[in-house]
Amino acid sequence: MKNLRIKLLISLIVFALVLVAVISYVNRQILMAGIEEQEALNRELIENHILTDMQTVDNAHYYFDKNISDEMEEELRELITYYGENPDIATWDLQKIKNEHGMDVYILDQSNTVIYTTFEKDKGLNFSKCCIRFSALLDERRASGEFYSDGIDISTTTGGYRKFSYLATPDNKYLFELGIDLLDNPVFQTFNFEKTSEYLIDKYADLLEVQTINAGGVFFDYSKASKTTVKDQSKKFQEHFELARETMQPTEYQEEFQNGYIEKYRFLPYEAETVRGESSKRVVFVKYGNFTERKALAKNTKQFQILLCIALVTSFIMLLVINKLLSKTIHLATYDALTNVYNRATYIRKMDKLLKKRKMNQPGLLLLDLDNFKQVNDRFGHGEGDKILIETARILKQEVESNGFVVRFGGDEFAVVLYDAKEEAIQQIANSILEKIRHLKYVDKVTIDRWSVLSVSMGGAICIHPDESERSLFERADKALYQSKNAGKDQYSSYEEVAADEES
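Read on for a plain summary of the structure. (Residues numbered from 1 in each chain as written. Predicted model: local features only at pLDDT ≥ 70, side-chain atom pairs only at ≥ 80, totals over all residues. Heavy atoms only, no water.)

1. A few points about a positive patch on the surface
Then, in step 1: On the surface, Lys7, Arg349, Lys353 and Lys357 cluster together into a positively charged patch.
Then, in step 2: On the secondary structure map, Lys7 appears in helix α1 (residues 2–64). (Patch = residues over 30% accessible without salt bridge, like charges linked within 9 Å, V, L, I, M, F, W, Y side chains within 5 Å. Areas by Shrake-Rupley, 256 points an atom, 1.4 Å probe, with all protein chains shown as cover. Salt bridge = Lys/Arg side-chain N within 4 Å of Asp/Glu carboxyl O. Lys, Arg positive; Asp, Glu negative; His and termini not counted. Charge placed at Lys NZ, Arg CZ, Asp CG, Glu CD. Helix = DSSP H or I, 4+ residues; strand = E, 2+ residues; numbered from the N terminus.)

Written as structure tokens, this is what we have:
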């Protein structure tokens, strides 16, 4: 009964665990699919927003900065005229020129080195060494002798947003350049891509960073805090930037950190509708985290734990209910209903288990019948007969205790199974049973009548052979029992004695 309860509990727990695991797994897969779908949708919305806003900013600057470009062209042509009058640029007062027009002045020699400028941070900058692509573009502009005005650009040294215009001297000896800071420009303040980036980062929890990088690999820096280039980043970052710039196709990679935290890095190529200089082509770098996914999975894990606790509690409750419903049935299937000792089916099961698991032990079997029991039923009724059977079972259990178990096969037939027995021990138990039943005939008047016609015959056998079956052991004990009956009843016989007598 106890083992059955344990097996039932284990079965219920296993069933609950499997059910919870399957439900949680399916739920988690559905959740992950939903999260991935939502993340893909969010990325598409974010990136479309980014590229569309960048195009809007570029178009706005293209249409509204014509006056600025005209002013820059006018100033550059005045410088060309002044150069014709005074080609010794070393004597020029560039600061005075800047103060008159509010624009930084750059003078580049034929090696594309900034030899004179009002923007001290760029003085001595050699584009042929730092920026080969841009240097080649400057050579083309010098050779053409035409005026060039770029769109939104950045300072090579600071990364700040600026606008530049170029015009070469007639002798191609120098290239004059003017630059202005766009941060103070009203148009730029109105159409500012940085504001879009900040808005998107605030709106989407998984969007961590949006950066614009020009074709030369320099980050646009709204704050003017410092210049950052692609070369300052990891090797993998540089490889994906180059791939996006060259193929003009989006690329991405991701990095995994502790506790399941993942960062995804996306590189989005961009080209302005109107080409105006090197900065017309850019790469937008977007960094995503997986905070939403981790939060959802953490919630899912918590739900799994709660569901698991509920399942375990439910298993215990179901065990109690099932145990209550089946306990009587299980008891009837295991025990004799009248005497509360094991029945024949339980005897067979326990004996098979005992014989299979035996090692050095020698199981013993003692069979007994109540002699003349039919007379008790006939003279005193079946109720009195039942009392005798109950009393007999009590005596047998008292004798066996924890050394074995008692069985009722039916009617007045009982058995005592000993886990490990010697012939002397079986003999001792048999004699004790005989004495107690004989004693019942003289206890009081109530028992004298119903026990007066009774006696008990017993036969025992010990399992000596390792391969002996229950049937073989039973047959030997049964043979000894009938020896007791044939010898006059009210006695015990052992199979060994019977076998010895037959041999002699």
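2. Examining the packing of helix α10 (residues 344–356) against helix α15 (residues 470–486)
Then, in step 1: Contact geometry for α10 and α15: axes closest at 10 Å, N-to-C directions at 110°. It follows from the interaxial angle that α10 and α15 lie roughly perpendicular. Of α15, the residues touching α10 (which contributes Tyr347, Ile348, Met351, Asp352 and Leu355) are Glu470, Leu473 and Phe474.
Then, in step 2: Of the residues belonging to the contact of α10 with α15, the class tally is six nonpolar, no polar and two charged. (Axes fitted to C-alpha atoms, helices over the stretch in contact; angles between N-to-C directions. Parallel < 35°, antiparallel > 145°, perpendicular 65-115°, else oblique. Contact = heavy atoms within 4.5 Å. Nonpolar A, V, L, I, M, F, W, Y, C, P; charged D, E, K, R; others polar.)

3. Digging into the pairing of strand β9 (residues 262–271)
Regular strands place their side chains on alternate faces of the sheet.
Then, in step 1: Among the ten residues that make up β9, eight are buried, leaving the element largely enclosed by the rest of the structure.
Then, in step 2: In this structure, strand β8 (residues 251–256) lies alongside β9, joined through six bridges in antiparallel fashion. Residue pairing for β9: Glu256 is matched across the bridge by Ile262.
Then, in step 3: Taking the residues between adjacent antiparallel strands as the criterion, β8 and β9 are bridged by five residues, where Asn259 takes a positive phi near 60°. (Buried < 20%, exposed > 50% of the residue type's maximum accessible area, 1.4 Å probe, protein only. Pairing = 2+ DSSP bridges.)

4. So, the pattern of salt bridges
Then, in step 1: Here the structure, examined in full by the defined rule, presents 21 salt bridges.
Then, in step 2: Across the pair Asp139 and Arg142 runs a salt bridge, and its minimum N-O distance is 3.4 Å. Note that Asp139 and Arg142 are positioned in helix α5 (residues 132–144) at a spacing of three residues, about one turn of the helix.
Then, in step 3: Judged by relative accessible area, which is 37%, Asp139 ranks as partly exposed.
Then, in step 4: The class for Arg142 is buried, based on a relative accessible area of 6%.
Then, in step 5: The shortest N-O distance in the salt bridge between Arg438 and Asp490 comes to 3.2 Å. Here Arg438, found in helix α13 (residues 423–440), pairs with Asp490, found in the loop between α15 and β15 (492–494); they are 52 residues apart in sequence, far enough to count as distant.

5. Concerning the packing of helix α12 (residues 382–400) against α13
A pair of packed helices can be characterised by two numbers: the angle between their axes and the separation between those axes.
Then, in step 1: Packing of α12 against α13 brings their axes to within 10 Å, and their N-to-C directions diverge by 145°. In this structure, α12 meets α13 at a crossing whose hand is right-handed. Residues Glu391, Ile395, Leu396, Gln398 and Glu399 of α12 touch α13, and the partners they reach there are Ile429, Ser432, Ile433, Lys436, Ile437 and Leu440.
Then, in step 2: Here the contact of α12 with α13 is built from residues that sort into six nonpolar, two polar and three charged. (Left-handed = near helix turned anticlockwise from the far one by under 90°.)

6. Section: unusual backbone geometry
Then, in step 1: The backbone of Asn172 shows a phi angle near 60°, a positive value even though the residue is not glycine.
Then, in step 2: Even without being a glycine, Asn372 presents a positive backbone phi close to 65°.
Then, in step 3: Structurally, Asn372 can be placed in the loop between β11 (364–371) and α11 (373–380).

7. Considerations on the sheet that holds strand β12 (residues 404–410)
Whenever strands of a sheet pair, they do so through backbone hydrogen bonds, lying parallel or antiparallel.
Then, in step 1: Strand order in the open sheet formed by five strands is β12-β13-β11-β14-β15, and the pairing between neighbours is mixed. At either end of the open sheet lies a strand with only one pairing partner, and these are β12 and β15. Ignoring strand direction, the axes of neighbouring strands in this sheet form an average angle of 20°.
Then, in step 2: Pairing of β11 with strand β14 (residues 455–462), which is carried by eight bridges, proceeds in the antiparallel orientation. Its bridge partner being in β14, Asp371 is matched across the sheet by Ser455.
Then, in step 3: Strands in contact with α13 are β11, β13 (413–418), β14 and β15; relative to β14, the strand with the most contacts, it is inclined by about 170°.

8. Examining the sheet that holds β9
Then, in step 1: Here we have four strands laid out as an open sheet, ordered β7-β10-β9-β8, and antiparallel in their pairing. A strand with exactly one partner marks an edge of an open sheet, and here the two such strands are β7 (207–214) and β8. Each strand of the sheet is rotated relative to its neighbour by a mean of 15°, with strand direction disregarded.
Then, in step 2: Most of the contacts of helix α8 (residues 235–247) go to β8, to which it runs at about 165°, and overall it touches β7, β8, β9 and β10 (281–288).

9. With respect to the nonpolar core
Then, in step 1: Grouped together as the largest cluster of nonpolar side chains are 31 residues, with contacts concentrated most on Leu366 and Met458.
Then, in step 2: Put simply, the parts of the chain that give this core at least two residues each are β11, α11, α12, β13, α13 and β14.
Then, in step 3: At seven residues, α13 tops the list of elements feeding residues into this core.
Then, in step 4: Those residues in contact with Leu366 that lie beyond four places of it in its chain are Phe414, Ala415, Val416, Ile426, Ile429, Ile433, Met458, Gly459, Gly460 and Tyr492.
Then, in step 5: Core analysis: the next-biggest nonpolar cluster, separate from the first, contains 19 residues, Ile89, Met103, Val105 and Leu167 among them. (Core = buried A, V, L, I, M, F, W, Y, C linked by side-chain atoms within 4.5 Å.)

10. Focus: a negative patch on the surface
Then, in step 1: Among the surface-exposed residues, Glu71, Glu74, Glu78, Asp93 and Glu100 lie close enough to one another that they form a single negatively charged patch.
Then, in step 2: No other element matches the three residues that helix α2 (residues 66–85) contributes to the negative patch.
Then, in step 3: Take Asp93: it is sitting in the loop between α2 and α3 (94–101).

11. Looking at a nonpolar patch on the surface
Then, in step 1: Together, Ile6, Ile10, Val14, Val18, Val22, Tyr25, Val26 and Ile30 make up a nonpolar patch on the protein surface, roughly 730 Å² of accessible area in all.
Then, in step 2: With respect to the secondary-structure elements, Tyr25 resides in helix α1.
Then, in step 3: Note on Tyr25: relative accessible area 53%, which makes it exposed.

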